[in-house]
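An overview of the molecular structure
Given next are the chains, with one letter for each unit.
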Amino acid sequence: MDVVLRTLLGALGMALVPLVAVVFLIWESRKVIARMQDRLGPTNAGTYAGPFALFQTVADGIKILTKELIIPQGADRGVFIAAPIVVVTVAIAVWAVIPLGPSGLQVVDLDVGAFYVVAISSLAPFSMIMAGWSSRNKYAEVGAFRAVSQIIGYEIPQVLSLLVPVLLSGSLRLQQIIQAQSVPFGAVVPLAALTYFLASVAELGRLPFELAEADSEIVAGYFTEYSGMMFGAFYLADFINNFTASIVFSVLFLGGWRGPWVDQVPLLGTFWLLLKAFMVFNVLVLFWAAMPRLRIDQVLAFNWKFLAPLSIATLIVTALVDKMLTAMAVEPWARSAGLLVANLLLGVAALVFLSIVGRRFTRRDTLRRPGLPTGLPDSDAA
Amino acid sequence: MVHPYAVVGLFLAIALVIGVVPIALAWLLSPKKLNPRKTQVYESGNPTFGEAWIEYKPQYYLYGLAYVVFGVEVALLFPWALAYDQLALFAVVEAVIFLLILGLGLAYVWRKGWLAWM
Amino acid sequence: MSVGQLTFLAFAAFTLGAAVRVVTHRLVFHAALWLIASFFGIAAVYLLLESPFMAGVQLFIYIGGVAVLTAIAVMVTKGMMRRDLPTMANVRSSALVAVSLFLVMSWTILQMPLPEAPASPVFEEGLAMLGMALVDPRGYLLPFEVVSLMLLIVLIGALYVARER
């Protein structure tokens, strides 16, 4: 009984971590974006909302709770209401395996931890379909299709890149993956880290892949018809996913809770992990603040013609190089260095390939008729 | 010792509760003054016409299909990745062949221009 | 009845109930949702069989892929959204096919000797062992590579059919 109670409290505590973190993170991202746009963001001009308006998010949450929940006529009520619930549930469900610290700060250290993360993330697209379909709105349905195409497409390079740390550490258990990173995998296989990161950005629907919510194009995409807290649920789930993705990336490629003096003070591990996740999260925020939006065909082309083949190549190269290096029984540092070199070479090859293909595209796009403006700083545009 | 899967199930239940609570709270706290104008489906101010269906485009279905195809491949690679440490180079090459078959298939399709819609 | 058996029965009943709803629901989209529910039930059964990997594959491929495909197919087909579709047009013949299939399968399964206890101990490194077996020439190497070929054929075939002319 005592064990059950402790487990219950632990699970409850862990489930509340993303919620509490998000309150802070929403405020923080609004401040950062505001500064990048040369304005102030949430301040205390007006109603007081805590020091530096820290509790702005709480105030917004309370406001959104009291907004009327409008269900469009003809909509499928059950599915319509279920969609935001599913989105939030899935977002929180991933946290069952997140290792916040070296020992015990984890709900369950599943043997298949990494695969659990993958499996739970793959439940997200269907909630979008539910939202889009039940709204009985053409914009919402189109938005749902585009968002789903994007999300399921980018799952492939994401999982393929995730296989690289699994390969190198020989386990799906997240704690094991962390412990195998005497050198963070991001430094050993930077290409895999990069492809995982880019795929995650697309999975999250962050700019430049922000099709699902393209404000100026299809209103609000698949959640056009949602108002009040149901919209708030999508928004909340979006930020929770951002935070989760940052933490998962830190666990997989940045060494998780590893850092100086963790052996002496285990709690410091939590601090290191949160710090790394925070830095990754801010990279995502900067993407949001600074990048333009890609078109749906660009997004999908980038995935299937570049990122997926690249992640396949990365996995193949890493597997082969690592096996050959271990077969030659070299020192561990030489192994890491060898993998790093292989990754960098592959990255350079990918960039070269991109530039070749890109040049062909540019030449194809411009009509080869003299006199027509090409928009390029070309010398052959009359 | 609580069985790990039971804990996962418990956690999922908690996650579900967290999902439901805000909606339930909002339903309690929000006004309910519905009128026909509010519940109209949104179409930039114009009343909707026609049923909400969209044109058939094979593209959307094909993305799902591509996901399933590559998903099966990736799923089969998970056990291989776990056994990697104990495998000989030959075994790794076999898995590479596995990956290359599909990878080259993708390249072939790309060259043929069938990916043009992507 | 142990807790394990009770849990299994509960999930099995849930899965079967969801499956029934799949074929009886008037609205095709709801049928797709019940299909997902039955997939969840099957995933739970896999967990009870101590195979978290298979459970994850259910979620990853069946719910994340097959169910999404089905939903997309439903949504882009005109007239699928209506509630007045004939639910069971050929009740008798379809029931005949389903029942005979069930009888054949049950007979085949019952022919096998049912194990009284778990046949072999559940290995902790089960998944790694599966991985080794997959690339073992005396193991499942051939099916492994053939699967890749099959996937290739599916991909090329589908894209060929849908190519722009």
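In this report, the structure presented in the accompanying data block is examined. (Residues numbered from 1 in each chain as written. Chains lettered and ligands numbered in written order. Predicted model: local features only at pLDDT ≥ 70, side-chain atom pairs only at ≥ 80, totals over all residues.)

This part is about the overall build of chain B. Each helix and strand counted, chain B has three helices and zero strands in total. Scored against the burial criterion, the 118 residues of chain B give a buried share of 41%. (Helix = DSSP H or I, 4+ residues; strand = E, 2+ residues; numbered from the N terminus. Buried ≥ 20, exposed ≤ 12 C-beta atoms within 10 Å, placed from the backbone.)

Between its first and last C-alpha, helix α4 (residues 91-111) of chain C extends 30 Å over 21 residues, near the 30 Å set by a 1.5 Å rise per residue. Of all the 21 residues making up α4 of chain C, zero are buried; the element is thus mostly uncovered. (Expected span 1.5 Å × (residues − 1).)

Taken together, the contact pairs 14 residues of chain C with 17 residues of chain A. Broken down by secondary-structure element, the contributors of at least two residues to the side of chain C that touches chain A are α2 (28-48) and α3 (52-76) of chain C. Of all the elements, α3 of chain C adds the most residues to the side of chain C that touches chain A, at 12 residues. Taken together, the residues of the side of chain C that touches chain A break down into 12 nonpolar, two polar and no charged. (Contact = placed C-beta atoms within 7 Å. Nonpolar A, V, L, I, M, F, W, Y, C, P; charged D, E, K, R; others polar.)

This part is about the packing of helix α1 (residues 2-36) of chain A against helix α11 (residues 267-290) of chain A. Residue and element names in this part refer to chain A. Put simply, α1 and α11 touch, their axes get as near as 10 Å, and they point 45° apart. Of the possible angle classes, the one that applies to α1 and α11 is oblique. Judged by the sense of rotation from one axis to the other, the crossing of α1 with α11 is right-handed. Contacts between α1 and α11 involve L25, S29, V32, I33 and M36 from the first element and F281, N282, V285, W288, A289 and A290 from the second. For the contact of α1 with α11, the per-class residue count stands at nine nonpolar, two polar and no charged. (Axes fitted to C-alpha atoms, helices over the stretch in contact; angles between N-to-C directions. Parallel < 35°, antiparallel > 145°, perpendicular 65-115°, else oblique. Left-handed = near helix turned anticlockwise from the far one by under 90°.)

Glancing now at the environment of W272 of chain A. Residue and element names in this part refer to chain A. Along the chain, the position of W272 falls in helix α11. Linking W272 and G256, residues 16 residues apart in sequence, is a C-alpha distance of 7.6 Å. Leave out the neighbours within four places in its chain, and W272 touches W257, R258, G259 and V262.

This brings us to the interface of chain B and chain A. Residue-level contacts link 52 residues of chain B with 69 residues of chain A. Listing elements by their share of the side of chain B that touches chain A, those giving two or more residues are α1 (4-29), α2 (58-83) and α3 (89-111) of chain B. Broken down by element, the side of chain B that touches chain A gets its largest block of residues, 18 residues, from α1 of chain B. Per-class residue counts for the side of chain B that touches chain A are 42 nonpolar, six polar and four charged.

A few words now on unusual backbone geometry. What is expected of a backbone is that most residues other than glycine have negative phi and most peptide bonds are trans. Despite not being glycine, D38 of chain A has its phi angle at roughly 65°, a positive value. Along the chain, the position of D38 of chain A falls in the loop between α1 and α2 (56-65). A positive phi is found at E50 of chain C, a non-glycine position, where the angle reads about 60°. With respect to the helices, strands and loops of the structure, E50 of chain C is situated in the loop between α2 and α3.

This paragraph deals with the packing of helix α9 (residues 190-204) of chain A against helix α10 (residues 228-253) of chain A. In a pair of packed helices, the angle between the axes and the distance between the axes together describe the arrangement. Residues and elements named next belong to chain A. Packing of α9 against α10 leaves a shortest axis separation of 10 Å and a crossing angle of 170°. Considered as vectors, α9 and α10 are oriented roughly antiparallel to each other. Here A193, Y196, F197, S200 and L204 of α9 come into contact with α10, specifically with N241, N242, A245, F249, L252 and F253. Along the lines of polarity and charge, the residues of the contact of α9 with α10 split into eight nonpolar, three polar and no charged.

Now for the nonpolar core. L163 of chain A, F11 of chain B together with A67 of chain C are the most contacted members of the largest nonpolar core, which totals 202 residues. With 19 residues, α2 of chain B is the single largest residue contributor to this core. When near neighbours in sequence (up to four residues on either side) are disregarded, A67 of chain C contacts F126 of chain A together with A32, L35, I36, F39 and Y62 of chain C. (Core = buried A, V, L, I, M, F, W, Y, C linked by C-beta atoms within 7 Å.)

Quick look at the environment of F278 of chain A now. Counting through the fold element by element, F278 of chain A comes out in helix α11. Along the chain, F278 of chain A and F243 of chain A lie 35 residues apart, while their C-alpha atoms are 8.0 Å from each other.

All quantities given are derived from atomic positions and should not be read as evidence of function.
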